Amino acid sequence: MSAGVSHSNGKRTTAFLTDSTLCIGCKACEVACKEWNGVEADGFNWSGFSYDNTGAVGHSTWRHVKFVEHTPQPGFGGNAGELQSWGFSSDVCKHCEVAGCLEACPTGSIVRTEFGGVYVQPEICNGCSYCVVACPFGVVQRNPADGRAFKCTFCYDRQKAGLVPACAKACPTESIKFGEIDELRQVAHERIQELRQRGMDDARIYDPQETSVQGLHAFFIVRGDPRQYNLPPKPEVPTVYVKQGYRGVALGSAMLVGAAVLAFLASPKGTRRRAGRSWQ
Amino acid sequence: MSNEALPRIPQRIPEVDREAQLLEIRRKAESRGRVEGIGIRPPGAPFPQASPQTGYYGIHLLKEPQWKPTIPLYFFVGGAAGSAAVIGAVCDWQDRDPEMAQHARWLAMGGAMASTALLIEDLGRPSRFLNMLRVFHEDSRALNLLGIGSALWETWEGFHLETRQEAALKPLKRGVSGWITRTGGVMSGPLPLCLRVLGGGSQRIRRWAAISGILGSLLTRYGWVRAGRSSAQDWRLPLQIPEEQSAADKEPEAFGQELKSAA
């Protein structure tokens, strides 16, 4: 994988490793993110889904802690045997190696930073929302009040100043790790080995490198099926559908032209030329 | 104590459904003397569990397209304009019905202008529409092909129009309409291309090139494929959840049934 060098331009390529086996669901990352980036409140909505009233990342939520409840399962979630077991995982923009939003953006507002992150420049975005439908993870969203699209900036401003992103800094259990991407991948593999030795055979790294997304700059360690965390097993960049799209357009145009030509050829002789209306 | 010391409570607009639920609870309490818990369950209960079959509580993974109704209208008007242009071209080629060619041209011109307005109206920041007219795209060969390709095509078309002597092209070249056509052709194709190539990235020159591009007809062409290029038509697809298993869609219905049987 060329992930470590492809965007670096001499700077180090950075990444998040979010280890859900260490997450305690305190939401400090959500608060820290809003605090540093000045993101507005989400409103007071009761979802009823465990202790999560936010639901998903969006224009006003750049870090989001998922509360995954299961039927009682000893050794999972740290609860008593008869209680619902709990898993937490802090979700964030994945900063894909091949990013759908970046490819879709017609204005050039979305760029790849020198740290390898994907950044929406708010002073250029004109709110066309093409990126919204191009994101295979449902991260970026248009703020209806503001008109522009927003998502996690990978704390570009903090990284420029040599600081750790706000969420990673605030995380009390180091569930959110931040660092150089190749080193973090190594850390993730070692952590998986450790978890397996402790009997957690269902622990795995979520970092789909074999799909058209070609790997993430924010990867995760989760237990069990990643789908229960809304992590798609096979995320695809919409560019893979583009050939199909052009084929459809070509077919449509051919039909249009064909129908128009047919209409002219089929018209009865008498109606073809109206008397005295030539520009000649 | 002044009012400022009171805690601030978020203002909530009453919802019809919830108000109806309160009345339902009252009616039950009056008639039976007791109320079961069902009346105060929130919409959507009982909740799906997070599972590989439902995803994360059945919450949609993908974000919905945030396009307004002006976008389908833009497609229709733009498509009608394009079709009219084709019909006009065939009319010219056959040189049999100049009146029809003229009608088709008017339709094409009006439709192209109306669809531009519709497209701009949909933007979250319409005043920044100019940002859309980027010709060079670092990562997209397709967009480069469309941007540069259409600019070159406009250039060629302009020269082609001037050098050919057919009668059918005369209305395009004669009088005021001729000059409008010429100006539009130059402004949409060669002018912005030259400005961008020679301007060397200056912000002001780029802006002029973009303004020039608007007045031409560059923009009716490239929205189509891009719109079909969404991540997936269905939020379930990336999670590979079969349609009949998505509990999120079923639960509200089941809840409705429950309410009915309880009443």
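For the structure itself, look to the data block above.
The text that follows walks through the structure, step by step, so that each part is easy to find. Residue numbers here run from 1 along each chain, matching the order of that chain's written sequence. Lettering of chains starts at A and numbering of ligands starts at 1, both following the order in which they are written. Given that this is a predicted model, residues contribute local features only at a pLDDT of at least 70 and side-chain atom pairs are listed and counted only at 80 or more, while totals for whole chains, interfaces and linings are drawn from all residues. The basis for the side-chain values is all heavy atoms of the structure; hydrogens and waters are excluded.

Turning our attention to the overall build of chain B. For the purposes of this entry, the term helix denotes a DSSP run of H or I that reaches at least four residues, the term strand denotes a run of E that reaches at least two, and both are numbered from the N terminus. For chain B, the count of helices and strands is 10 helices and 0 strands. Each helix (α) and strand (β) of chain B, taken in turn from the N terminus, gives the series α-α-α-α-α-α-α-α-α-α. With 263 residues in all, chain B has 35% of them scored as buried. The contact criterion used is simple: two residues touch if any of their non-hydrogen atoms lie within 4.5 Å. Of all intrachain contacts in chain B linking residues separated by at least 6 positions in sequence, the fraction that spans at least 24 positions is 61%. Residue-level accessible areas treat just the shown protein chains as cover; the underlying method is Shrake-Rupley with a 1.4 Å probe. Summing over all exposed atoms, chain B offers an accessible surface of approximately 16100 Å²; the carbon and sulfur share of this is 63%. Accessibility here uses a 1.4 Å probe with only protein chains present; expressed as a share of the type maximum, an area under 20% marks a residue as buried, one over 50% as exposed, and anything in between as partly exposed.

So, about unusual backbone geometry. All names here are of chain A. The phi torsion at S50 lies on the positive side, around 50°, for a residue other than glycine. Within the secondary structure, S50 sits in the loop between α1 (28-37) and β2 (63-70). Of note, E174 is a non-glycine position whose phi angle comes to about 55°, a positive value. Following the sequence through the fold, E174 ends up in the loop between α5 (166-170) and β8 (176-180).

On to the packing of helix α7 (residues 242-266) of chain A against helix α2 (residues 70-94) of chain B, then. Every axis in this analysis is a line fitted to C-alpha atoms, fitted for helices over the stretch in contact. Angles between the N-to-C directions lie between 0 and 180 degrees. As a packed pair, α7(A) and α2(B) sit with axes 10 Å apart at the nearest point and diverge in direction by 40°. Relative to α2(B), the element α7(A) is oriented oblique. For α7(A) against α2(B), the interelement crossing comes out right-handed. Along the contact surface, α7(A) presents A:L256, A:V257, A:A260, A:V261, A:F264 and A:L265, while α2(B) presents B:S83, B:V86, B:I87, B:V90, B:C91 and B:Q94. In this classification, Asp, Glu, Lys and Arg are treated as charged, Ala, Val, Leu, Ile, Met, Phe, Trp, Tyr, Cys and Pro as nonpolar, and every other residue, Gly included, as polar. When its residues are assigned to classes, the contact of α7(A) with α2(B) shows 10 nonpolar, 2 polar and no charged. Any angle between 65 and 115 degrees counts as roughly perpendicular, while under 35 counts as roughly parallel, over 145 as roughly antiparallel, and the rest as oblique. The handedness criterion is simple: a crossing whose near helix is rotated anticlockwise from the far helix by less than a right angle is left-handed, and one whose near helix is rotated clockwise is right-handed.

Our next topic: the environment of A:V133. Along the polypeptide, A:V133 turns up in helix α3 (residues 130-134). Spatially, the C-alpha atoms of A:V133 and A:A104 are 8.8 Å apart, while their sequence positions differ by 29 residues.

Listed by partner, the interface residues are 58 residues for chain B and 80 residues for chain A. A quick way to say it: buried area is the sum, across both parts, of accessible area lost when two parts are put together, with a 1.4 Å probe. Between chain B and chain A, a total of about 6100 Å² is buried, with carbon and sulfur atoms accounting for 57% of that surface. By convention in these notes, a salt bridge is any Lys or Arg side-chain nitrogen within 4 Å of a carboxyl oxygen on Asp or Glu. Linking chain B with chain A are 1 salt bridge. Polar contacts here mean pairs of N or O atoms no more than 3.5 Å apart (in protein, one a potential hydrogen donor and the other a potential acceptor; neighbouring residues in sequence count only if both atoms are side-chain atoms). At the boundary of chain B and chain A, one finds 20 residue pairs in polar contact (both at pLDDT 80 or more). Residues of the side of chain B that touches chain A, tallied by class, amount to 31 nonpolar, 14 polar and 13 charged.

The next point concerns helix α1 (residues 16-32) of chain B. The first and last C-alpha atoms of α1(B) sit 24 Å apart over 17 residues, in line with the 24 Å expected at 1.5 Å per residue. B:G33 sits one or two residues past α1(B) and shows a positive phi near 80°. Expected helix span is computed as 1.5 Å times (number of residues minus one).

Residues and elements named next belong to chain A. In space, the 4 strands of this open sheet follow the order β8-β1-β10-β9, with mixed pairing throughout. Looking at strand neighbours, the two that pair on one side only are β8 and β9 (203-206), the edges of this open sheet. Across the sheet, the mean angle from the axis of one strand to that of its neighbour is 20°, orientation sign disregarded. For strand β1 (residues 14-19) and strand β10 (residues 218-223), the ladder comprises 4 bridges, and the chain directions are parallel. Within β10, the position partnered with L17 by the bridge is F219. Contacting β1, β8, β9 and β10, helix α6 (residues 181-197) crosses the sheet at an angle of about 135° to β8. DSSP calls a pair of strands paired once it identifies at least 2 bridges connecting them.

Tallied over the full model, the rule gives 15 salt bridges over all chains. A salt bridge links B:R125 to A:D146, with the shortest nitrogen-to-oxygen separation between them at 3.2 Å. Of this pair, B:R125 sits in the loop between α3 (98-122) and α4 (141-163) while A:D146 sits in the loop between β6 (141-142) and β7 (149-150), on two different chains. Across the salt bridge formed by B:R26 and B:E30, the nearest N and O atoms sit 3.4 Å from each other. Linking B:R26 with B:E30, this pair stays in helix α1, spanning 4 residues, or about one helical turn.

None of the figures reported here should be taken as evidence of function without further support.
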